[in-house]
Amino acid sequence: TSDQAPLIETLMRSLTNVLNELHRAEAGEESGAWIVARVRFDGSRITLDRGFDSLPDWYPASGRPTLRALTWEMQQRSRRWRPAWATLLPS
């Protein structure tokens, strides 16, 4: 929303690095990882929400992941952990 101040570049880079590391740490060889995340800060507490097999209601329609990104993520998962819609992705 317009009342949210953008992060300065160094903080954005740091947050991006933390999220990348968390994504890698939480990704299992079998299960894959979350496909989207949301970070919120209320002045004293940081909240992290993640979406694993579908896009959550809070995810903006204008920022949908690319087919390439979704295909890559689903290829990281064993067949057992791929949602049914993954068969619709390009190979």
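Residues numbered from 1 in each chain as written. Predicted model: local features only at pLDDT ≥ 70, side-chain atom pairs only at ≥ 80, totals over all residues. Heavy atoms only, no water.

**Student:** Explain the environment of Phe 52 to me, and be specific about the residues and the numbers.
**Tutor:** Considering the arrangement of structural elements, one finds Phe 52 in the loop between strand S2 (46–51) and helix H2 (67–76). Separated by 16 residues in the primary sequence, Phe 52 and Val 36 have C-alpha atoms spaced 7.2 Å apart. Dropping the residues within four chain positions of it, Phe 52 is found in contact with Ala 33, Trp 34, Ile 35 and Arg 77. (Helix = DSSP H or I, 4+ residues; strand = E, 2+ residues; numbered from the N terminus. Contact = heavy atoms within 4.5 Å.)

**Student:** Please provide a residue-by-residue account of the pattern of salt bridges, values included.
**Tutor:** Think of it this way: side chains of opposite charge can pair up when their charged atoms draw near. For the coordinates displayed, the defined rule picks out seven salt bridges. Between Asp 49 and Arg 38 there is a salt bridge, with its nearest N and O atoms 2.9 Å apart. Separated by eleven residues along the polypeptide, Asp 49 in strand S2 and Arg 38 in strand S1 (residues 36–41) bring together distant segments of the chain. Salt-bridge contacts for Arg 40 lead to Asp 49; the nearest nitrogen and oxygen are separated by 2.9 Å. Relative accessible area serves as the criterion here: at 39%, Arg 40 is assigned to the partly exposed category. The network of salt bridges with common partners includes Arg 38, Arg 40 and Asp 49. (Salt bridge = Lys/Arg side-chain N within 4 Å of Asp/Glu carboxyl O. Buried < 20%, exposed > 50% of the residue type's maximum accessible area, 1.4 Å probe, protein only.)

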